[in-house]
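Structural overview
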Amino acid sequence: MKQKIAIIGYGTVGKALFIQLQHQHQYDVVKVGVKHSAKHKELNRLLVTEDVDSILAQSNISVILEAIDDSDAAFEYAKQALSAGKTYITASKKMVATHLTELYELEGRFGGRLLYEAAVGGAIPVLRTVREHFAGEEILRVRGIVNGTCNYILTRMGEDNLPFAKALAEAQQRGFAESDPTSDIDGWDSYYKSVILAYTAFGDKVNISRVKWHGIRDISLADVQAAAKEYKKIKLVAGIKCVNDKVTIDIRPTLLNSKDPLYHIDRELNGIVIEGKFAGQLLLQGPGAGGHPTASAMVGDLLNYPKASARIVRKLLLSMN
């Protein structure tokens, strides 16, 4: 019997989810929650509903895949789903970073599952790698380029000597930046992702003592050109480390030379370096955003969650108390 699932949101990611789920024959998408059903005539009218609460209340739907831009609404939907013992899969980085502890408490109390691989790094399985590959050793630090919009802008400034405004306009035209790019270029997007990475990598030391971040809004073409003269690149780098049980997060434009693995991460790609006590440095790179990469990570959560060890969740929840 197919497992009944639902999608909330039918924008770029929601549409990609619907397409990818057609190839997973063990699942049956029975509802798609949207704001305006009249816009989505390509979908069977029996699938589409504007009443998201009715989806969350439907007892035969066991999994919700949420792909909306409204973090406040996503939080309300997540609470309802987890309180009903459902699995909730999301890409909402702001919602997860802001409310992770509360959502884990609901998960532990009612037996649901919260999954959010797509919230950091798009298609890159960074959270799964941190949890599973590094489960047997201490993580020393995590650093990376986690915002494809900023990386694209800085790359294009260096490639064709584009002023910041022109590089941003090109990123918007190509769909790599929103019409309001504030969250990206001022560092908020990197901040939310870094908080999630910090919780994942240092779950037993989640008392984040210091967070500093600065975006790329003030980076000029002259800055990029000066870096190039020294055979360096400017990248927005997020650094997360734990020293004496205190976690610090530092996000800032950084000068990198060619020996740094992040130097070679260009355009809209993301790159994340995880450094383990015994494994050394592991570089993960790939598309960090976009409809299909993000949907791919969400489908990966869907396929992997029954296999995931509940011990990981319980350990993290206990460590937060």
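Residues numbered from 1 in each chain as written. Predicted model: local features only at pLDDT ≥ 70, side-chain atom pairs only at ≥ 80, totals over all residues. Heavy atoms only, no water.

1. Quick look at the overall build of the protein chain
Counting its regular elements, the protein chain contains twelve helices and twelve strands. In terms of overall dimensions, the protein chain is globule-like: its C-alpha atoms have a radius of gyration of 20 Å, near the 20 Å expected for 321 residues. Taking the principal axes of its C-alpha atoms as reference, the protein chain extends roughly 60 × 45 × 30 Å. Across the 321 residues that make up the protein chain, the buried fraction comes to 50%. Taken as a whole, the protein chain presents about 15,300 Å² of accessible surface, with 49% of it coming from carbon and sulfur. Put simply, the protein chain has 40 plus and 36 minus side-chain charges, and the middle of one group is 3 Å from the middle of the other. (Helix = DSSP H or I, 4+ residues; strand = E, 2+ residues; numbered from the N terminus. Rg over C-alpha atoms; globule rule 2.2 N^0.38 Å. Buried < 20%, exposed > 50% of the residue type's maximum accessible area, 1.4 Å probe, protein only. Areas by Shrake-Rupley, 256 points an atom, 1.4 Å probe, with all protein chains shown as cover. Lys, Arg positive; Asp, Glu negative; His and termini not counted. Charge placed at Lys NZ, Arg CZ, Asp CG, Glu CD.)

2. Remarks on the pattern of salt bridges
Tallied over the entire structure, the rule returns 16 salt bridges. We note a salt bridge from Lys-93 to Asp-189, for which the minimum N-O separation is 3.4 Å. Taken together, the positions of Lys-93 in helix α4 (residues 93-110) and Asp-189 in helix α9 (residues 188-201) put the pair 96 residues apart, joining distant regions of the chain. When the shortest N-O distance is used, the salt bridge between Arg-252 and Asp-250 registers 2.8 Å. (Salt bridge = Lys/Arg side-chain N within 4 Å of Asp/Glu carboxyl O.)

3. Considerations on the sheet that holds strand β4 (residues 63-66)
The six strands are arranged β3-β2-β1-β4-β5-β6 in an open sheet whose pairing can be described as parallel. Of all the strands in the sheet, the pair left with one neighbour each is β3 (48-49) and β6 (113-115). As paired strands, strand β2 (residues 27-33) and β3 are joined by two bridges and run parallel to one another. Within β3, the position partnered with Val-32 by the bridge is Val-48. Running at roughly 155 degrees to strand β5 (residues 87-90), helix α3 (residues 71-83) makes contact with β1 (3-8), β4, β5 and β6 of the sheet. (Pairing = 2+ DSSP bridges. Contact = heavy atoms within 4.5 Å. Axes fitted to C-alpha atoms, helices over the stretch in contact; angles between N-to-C directions.)

4. Let's talk about the packing of aromatic side chains
Geometry of an aromatic ring pair is reported as the spacing of the ring centres plus the angle between the planes. Within this structure, the stated rule accounts for seven aromatic pairs. Taken together, a centroid distance of 4.9 Å and an interplanar angle of 70 degrees make the contact between Trp-188 and Trp-213 edge-to-face. Of this pair, Trp-188 sits in helix α9 while Trp-213 sits in strand β8 (residues 208-213), placing them 25 residues apart in sequence. When its relative accessible area of 36% is taken as the criterion, Trp-188 is described as partly exposed. Chaining the aromatic ring pairs together yields one cluster made of Trp-188, Tyr-191, Tyr-192 and Trp-213. Between Lys-233 and the ring centre of Tyr-263, over which it is positioned, the NZ or CZ distance is 4.3 Å. (Phe/Tyr/Trp six-rings, centres within 6.5 Å; stacked < 30°, edge-to-face > 60°. Lys NZ or Arg CZ within 6 Å of the ring centre and 35° of its normal.)

5. Things to note about a negative patch on the surface
On the surface, Asp-69, Asp-70, Asp-72, Glu-178 and Asp-180 cluster together into a patch of negative charge. Tracing the backbone shows Asp-180 in the loop between α7 (164-173) and α8 (182-185). (Patch = residues over 30% accessible without salt bridge, like charges linked within 9 Å, V, L, I, M, F, W, Y side chains within 5 Å.)

6. Examining the packing of α3 against α4
Across the interface, α3 lies against α4 with an axial gap of 9 Å and an inter-helix angle of 10 degrees. By the angle between their directions, the pair α3 and α4 is classed as roughly parallel. Mapping the contact onto sequence places Ser-71, Ala-74, Phe-75, Ala-78, Lys-79, Leu-82 and Ser-83 in α3 and Lys-94, Met-95, His-99, Glu-102, Leu-103, Leu-106 and Phe-110 in α4. Broken down by class, the residue content of the contact of α3 with α4 amounts to eight nonpolar, three polar and three charged. (Parallel < 35°, antiparallel > 145°, perpendicular 65-115°, else oblique. Nonpolar A, V, L, I, M, F, W, Y, C, P; charged D, E, K, R; others polar.)

7. Examining the pairing of strand β11 (residues 269-276)
With six of eight residues buried, β11 lies mostly within the body of the structure. Bridge count for strand β7 (residues 139-145) against β11 is six bridges, and the pairing is antiparallel. By the bridge assignment for β11, Arg-141 is matched with Glu-275. In this structure, β11 lies alongside strand β12 (residues 280-287), joined through eight bridges in antiparallel fashion. Counterpart to Glu-275 in the pairing with β12 is Gln-281. The hairpin formed by β11 and β12 contains three residues between the paired strands.

Function cannot be read off these values alone, since they describe shape.
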